[in-house]
Amino acid sequence: MMKQFTGLVFLCIISFFSIGGNANSSLISDLCKHCDDPKLCLSTIKSRPESGEFAATNNQIEIIAISVASSDASATSAYIKEKLSHEDLEPATEATFEDCQKNYQDAVEQLDDSISAMLTDAHADVDVWLHAAISAIESCDTELESRGGNDAELSKRNEVFLKLCKNALVINKMLT
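All residue numbers refer to positions counted from 1 along the written sequence of the respective chain. A pLDDT threshold of at least 70 governs which residues receive local features in this predicted model, and a stricter bar of 80 or more applies before side-chain atom pairs are shown or counted, although totals over entire chains, interfaces and linings include all residues. To get the side-chain values, take all heavy atoms of the structure and skip hydrogens and water.

So, the packing of helix α6 (residues 91-119) against helix α7 (residues 123-146)
Part 1: Running from N to C, α6 and α7 cross one another at 170 degrees; their axes reach a closest spacing of 8 Å. Relative to α7, the element α6 lies roughly antiparallel. Angles here are taken between N-to-C directions and fall from 0 to 180 degrees, while the axes themselves are lines fitted to C-alpha atoms, restricted in helices to the stretch in contact. Helix and strand assignments come from DSSP, with helices taken as H or I runs of at least 4 residues and strands as E runs of at least 2, each series counted from the N terminus. By definition in this entry, angles of less than 35 degrees are roughly parallel, angles greater than 145 are roughly antiparallel, angles of 65 to 115 are roughly perpendicular, and the rest are oblique.

Printed below as a string of C-alpha coordinates:
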(Lines give C-alpha, C1' and ligand atoms only; values in the text may rest on other atoms or scores of the structure.)
Protein backbone atom coordinates (compact mmCIF):
# COMPACT_ATOMS: atom_id res chain seq x y z
CA MET A 1 0.00 0.00 0.00
CA MET A 2 2.84 2.37 0.86
CA LYS A 3 4.52 1.57 -2.43
CA GLN A 4 1.34 2.54 -4.30
CA PHE A 5 1.08 5.78 -2.33
CA THR A 6 4.72 6.59 -3.06
CA GLY A 7 4.20 5.95 -6.77
CA LEU A 8 1.14 8.18 -6.89
CA VAL A 9 2.88 10.96 -4.97
CA PHE A 10 5.81 10.77 -7.37
CA LEU A 11 3.43 10.91 -10.32
CA CYS A 12 1.72 13.98 -8.84
CA ILE A 13 5.05 15.73 -8.26
CA ILE A 14 6.13 15.05 -11.81
CA SER A 15 2.84 16.30 -13.16
CA PHE A 16 3.12 19.59 -11.26
CA PHE A 17 6.72 20.22 -12.25
CA SER A 18 6.78 18.76 -15.73
CA ILE A 19 8.11 20.91 -18.50
CA GLY A 20 6.57 20.52 -21.87
CA GLY A 21 3.19 21.90 -21.10
CA ASN A 22 -0.08 20.89 -22.56
CA ALA A 23 -1.47 17.50 -23.34
CA ASN A 24 -0.76 16.37 -26.83
CA SER A 25 -4.16 15.03 -27.93
CA SER A 26 -2.85 13.82 -31.27
CA LEU A 27 -0.05 11.92 -29.54
CA ILE A 28 -2.58 10.25 -27.22
CA SER A 29 -4.82 9.46 -30.20
CA ASP A 30 -1.90 8.05 -32.19
CA LEU A 31 -0.93 5.71 -29.36
CA CYS A 32 -4.50 4.67 -28.52
CA LYS A 33 -5.52 3.90 -32.10
CA HIS A 34 -3.28 0.81 -31.97
CA CYS A 35 -5.01 -0.59 -28.86
CA ASP A 36 -7.69 -3.27 -28.86
CA ASP A 37 -10.10 -0.76 -27.34
CA PRO A 38 -9.09 2.68 -28.65
CA LYS A 39 -12.17 4.43 -27.21
CA LEU A 40 -11.46 3.12 -23.71
CA CYS A 41 -7.80 4.08 -24.06
CA LEU A 42 -8.62 7.63 -25.16
CA SER A 43 -11.38 8.24 -22.63
CA THR A 44 -9.45 6.92 -19.64
CA ILE A 45 -6.19 8.70 -20.41
CA LYS A 46 -7.83 12.01 -21.30
CA SER A 47 -10.06 11.86 -18.20
CA ARG A 48 -7.06 11.86 -15.88
CA PRO A 49 -6.22 15.29 -14.45
CA GLU A 50 -2.50 14.71 -14.97
CA SER A 51 -3.00 14.29 -18.71
CA GLY A 52 -3.40 18.07 -18.94
CA GLU A 53 0.21 18.82 -18.04
CA PHE A 54 1.93 15.47 -18.09
CA ALA A 55 1.08 13.94 -21.48
CA ALA A 56 3.82 15.54 -23.55
CA THR A 57 5.75 12.34 -24.39
CA ASN A 58 4.97 8.71 -25.17
CA ASN A 59 6.52 7.60 -21.87
CA GLN A 60 4.38 10.03 -19.90
CA ILE A 61 1.24 8.81 -21.66
CA GLU A 62 2.16 5.23 -20.83
CA ILE A 63 2.63 6.13 -17.17
CA ILE A 64 -0.87 7.62 -17.21
CA ALA A 65 -2.25 4.45 -18.87
CA ILE A 66 -0.66 2.26 -16.20
CA SER A 67 -1.87 4.61 -13.48
CA VAL A 68 -5.43 4.29 -14.84
CA ALA A 69 -5.19 0.50 -14.62
CA SER A 70 -3.81 0.75 -11.08
CA SER A 71 -6.66 3.02 -9.97
CA ASP A 72 -9.14 0.61 -11.53
CA ALA A 73 -7.54 -2.31 -9.69
CA SER A 74 -7.69 -0.42 -6.38
CA ALA A 75 -11.39 0.35 -6.93
CA THR A 76 -12.11 -3.30 -7.72
CA SER A 77 -10.18 -4.39 -4.65
CA ALA A 78 -12.42 -2.09 -2.57
CA TYR A 79 -15.49 -3.59 -4.27
CA ILE A 80 -14.34 -7.12 -3.39
CA LYS A 81 -13.58 -6.08 0.19
CA GLU A 82 -17.13 -4.74 0.50
CA LYS A 83 -18.54 -8.01 -0.88
CA LEU A 84 -16.45 -9.98 1.62
CA SER A 85 -17.97 -7.99 4.47
CA HIS A 86 -21.31 -9.72 3.87
CA GLU A 87 -21.80 -12.53 6.35
CA ASP A 88 -24.16 -14.56 4.16
CA LEU A 89 -21.58 -15.63 1.55
CA GLU A 90 -21.39 -19.27 0.60
CA PRO A 91 -17.99 -20.84 1.38
CA ALA A 92 -17.07 -21.27 -2.32
CA THR A 93 -18.03 -17.68 -3.06
CA GLU A 94 -16.08 -16.39 -0.09
CA ALA A 95 -12.99 -18.38 -1.09
CA THR A 96 -13.21 -17.08 -4.66
CA PHE A 97 -13.56 -13.48 -3.49
CA GLU A 98 -10.64 -13.85 -1.08
CA ASP A 99 -8.43 -15.20 -3.86
CA CYS A 100 -9.56 -12.41 -6.21
CA GLN A 101 -8.86 -9.85 -3.50
CA LYS A 102 -5.29 -11.15 -3.22
CA ASN A 103 -4.95 -11.16 -7.01
CA TYR A 104 -6.03 -7.54 -7.22
CA GLN A 105 -3.65 -6.52 -4.46
CA ASP A 106 -0.87 -8.28 -6.35
CA ALA A 107 -1.91 -6.56 -9.58
CA VAL A 108 -1.73 -3.12 -7.94
CA GLU A 109 1.81 -3.88 -6.73
CA GLN A 110 2.80 -5.11 -10.18
CA LEU A 111 1.40 -1.98 -11.80
CA ASP A 112 3.31 0.17 -9.30
CA ASP A 113 6.44 -1.76 -10.29
CA SER A 114 5.53 -1.05 -13.94
CA ILE A 115 5.41 2.68 -13.26
CA SER A 116 8.77 2.52 -11.48
CA ALA A 117 10.24 0.64 -14.45
CA MET A 118 8.69 3.13 -16.85
CA LEU A 119 10.35 6.02 -15.04
CA THR A 120 13.73 4.44 -15.82
CA ASP A 121 12.78 3.53 -19.42
CA ALA A 122 12.99 -0.18 -18.57
CA HIS A 123 10.37 -1.20 -21.13
CA ALA A 124 11.18 -4.91 -20.92
CA ASP A 125 10.48 -4.80 -17.18
CA VAL A 126 7.24 -2.90 -17.79
CA ASP A 127 6.20 -5.69 -20.15
CA VAL A 128 6.93 -8.34 -17.49
CA TRP A 129 5.01 -6.49 -14.75
CA LEU A 130 2.01 -5.79 -16.99
CA HIS A 131 1.83 -9.45 -18.02
CA ALA A 132 2.01 -10.47 -14.34
CA ALA A 133 -0.90 -8.14 -13.50
CA ILE A 134 -2.91 -9.55 -16.41
CA SER A 135 -2.20 -13.12 -15.27
CA ALA A 136 -3.34 -12.35 -11.72
CA ILE A 137 -6.71 -11.07 -12.90
CA GLU A 138 -7.12 -13.84 -15.46
CA SER A 139 -6.75 -16.21 -12.48
CA CYS A 140 -9.52 -14.36 -10.67
CA ASP A 141 -11.74 -14.62 -13.74
CA THR A 142 -11.06 -18.35 -14.09
CA GLU A 143 -11.94 -18.90 -10.43
CA LEU A 144 -15.17 -16.95 -10.82
CA GLU A 145 -16.19 -19.17 -13.71
CA SER A 146 -15.05 -22.52 -12.32
CA ARG A 147 -15.10 -22.49 -8.55
CA GLY A 148 -18.15 -20.49 -7.68
CA GLY A 149 -19.07 -17.06 -6.62
CA ASN A 150 -20.15 -15.94 -10.05
CA ASP A 151 -20.51 -12.20 -9.69
CA ALA A 152 -21.52 -10.32 -12.85
CA GLU A 153 -20.12 -7.03 -11.55
CA LEU A 154 -16.72 -8.54 -10.71
CA SER A 155 -16.60 -10.28 -14.11
CA LYS A 156 -17.28 -6.94 -15.79
CA ARG A 157 -14.62 -5.24 -13.67
CA ASN A 158 -12.13 -7.98 -14.59
CA GLU A 159 -12.87 -7.40 -18.27
CA VAL A 160 -12.31 -3.64 -18.02
CA PHE A 161 -9.11 -4.10 -16.00
CA LEU A 162 -7.73 -6.54 -18.56
CA LYS A 163 -8.50 -4.08 -21.38
CA LEU A 164 -6.75 -1.26 -19.49
CA CYS A 165 -3.65 -3.40 -18.93
CA LYS A 166 -3.62 -4.58 -22.54
CA ASN A 167 -3.90 -0.96 -23.71
CA ALA A 168 -0.86 -0.08 -21.59
CA LEU A 169 0.93 -3.14 -22.95
CA VAL A 170 0.32 -2.07 -26.56
CA ILE A 171 1.59 1.44 -25.80
CA ASN A 172 4.69 -0.07 -24.13
CA LYS A 173 5.40 -2.26 -27.15
CA MET A 174 5.20 0.80 -29.39
CA LEU A 175 7.88 2.49 -27.28
CA THR A 176 10.43 -0.30 -27.50
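Right, picking up where we left off after that structure.
Some remarks on empty space enclosed by the protein
Over the atoms rolls a probe the size of a water molecule, and its path tells where empty space is left.
Part 1: Both site types are read off a 1 Å grid over the protein atoms alone. A 1.4 Å probe that fits but cannot get out defines a cavity, while an open set with protein on both sides within 12 Å along at least five of seven lines defines a pocket; lining residues have an atom within 4 Å of a point. Grid points are joined across faces, edges and corners, and a volume is the space filled by probe spheres set on the points. Here the structure, examined in full by the defined rule, presents one cavity of 30 Å³ or more.
Part 2: Volume-wise, the largest cavity comes out at about 40 Å³.
Part 3: Lining the largest cavity we find Cys41, Thr44, Ile45, Ala65, Val68, Leu164 and Asn167.
Part 4: Looking at the lining of the largest cavity, the elements with two or more residues in it are α3 (38-47), α5 (58-84) and α8 (152-175).
Part 5: Partitioning the lining of the largest cavity into residue classes produces five nonpolar, two polar and no charged. Under this grouping Gly is polar, as are all residues other than the nonpolar Ala, Val, Leu, Ile, Met, Phe, Trp, Tyr, Cys and Pro and the charged Asp, Glu, Lys and Arg.

A word on the nonpolar core
Part 1: Ile45, Tyr104, Leu111, Leu154, Phe161 and Ile171 are the most contacted members of the largest nonpolar core, which totals 45 residues.
Part 2: Sorting the residues of this core by element identifies α2 (25-32), α3, α5, α6, α7 and α8 as the ones contributing at least two each.
Part 3: Sort the elements by how many residues they give to this core and α5 lands first, with 10 residues.
Part 4: Note on contacts: a residue pair qualifies if any of its non-hydrogen atoms lie within 4.5 Å across the two residues. Not counting residues within four places of it along the chain, the set of residues in contact with Phe161 comprises Ala69, Asp72, Ala73, Tyr104, Ala107, Leu111, Ala133 and Ile137. In these notes, a set of buried Ala, Val, Leu, Ile, Met, Phe, Trp, Tyr and Cys residues joined through side-chain atoms within 4.5 Å is what counts as a nonpolar core. Three labels apply to residues, based on accessible area from a 1.4 Å probe with only protein chains included: buried if under 20% of the type maximum, exposed if over 50%, partly exposed otherwise in between.

A look at the pattern of salt bridges
Part 1: By definition here, a salt bridge exists when the distance from a side-chain nitrogen of Lys or Arg to a carboxyl oxygen of Asp or Glu is within 4 Å. In this structure the tally under the stated criterion is seven salt bridges.
Part 2: A salt bridge links Lys102 to Asp106, with the nearest nitrogen and oxygen atoms 3.3 Å apart. With Lys102 and Asp106 both in helix α6 and four residues apart, the pair spans about one turn of that helix.
Part 3: A salt bridge links Arg157 to Glu153; the shortest N-O distance between them is 3.0 Å. Here Arg157 and its partner Glu153 are both found in helix α8, four residues apart, which amounts to about one turn of the helix.
Part 4: Of the residues examined, Glu153 reaches a relative accessible area of 33% and is grouped as partly exposed.
Part 5: Here the salt bridges share partners, and the residues they tie into one network are Asp37, Glu159 and Lys163.

Examining the state of the cysteines
Part 1: Note on disulfides: each one is a pair of cysteine sulfur atoms within 2.5 Å. With the rule as written, the count across this model stands at two disulfides.
Part 2: Disulfide pairing is shown between Cys100 and Cys140; the S-S distance is 2.1 Å. The sign of the S-S torsion, about 100 degrees, decides the handedness of the disulfide formed by Cys100 and Cys140: right-handed. Here Cys140 lies in helix α7 and Cys100 lies in helix α6, a separation of 40 residues in the sequence. By the burial criterion, Cys100 is buried, and Cys140 matches it.
Part 3: When the bonded cysteines of the protein chain are numbered from the N-terminus onward, they pair as 1-2, 3-4.
Part 4: The thiol of Cys35 is not disulfide-bonded; the next cysteine sulfur, from Cys41, is found 3.9 Å away.

Some words on α7
Because each turn of an α-helix spans 3.6 residues, side chains separated by three or four positions in sequence point in the same direction.
Part 1: Between its terminal C-alpha atoms α7 stretches 34 Å, which fits the 34 Å expected from 24 residues at 1.5 Å a residue.
Part 2: Within α7 the residues assigned to the buried category are His123, Val126, Asp127, Leu130, Ala133, Ile134, Ala136, Ile137, Cys140, Asp141, Glu143 and Leu144.
Part 3: Of the surrounding elements, those touching the buried residues of α7 are α5, α6 and α8. Each residue after the first adds 1.5 Å to the expected span of a helix.

A short note on the environment of Gln110
Part 1: Assignment of secondary structure puts Gln110 in helix α6.
Part 2: Using a relative accessible area of 15% as the deciding quantity, one classes Gln110 as buried.
Part 3: Expressed as a C-alpha distance, the spacing of Gln110 and Leu130, which sit 20 residues apart in the sequence, is 6.9 Å.
Part 4: Among residues more than four places away in sequence, those in contact with Gln110 are Trp129, Ala132, Ala133 and Ala136.
Part 5: Within 3.5 Å is the distance limit for a polar contact, defined as a pair of N or O atoms, with the added protein rule that one can donate a hydrogen and the other accept it, and that residues adjacent in sequence qualify only through two side-chain atoms. A polar contact of 3.3 Å, which involves the side chain of Gln110, links it to the backbone nitrogen of Ala133.

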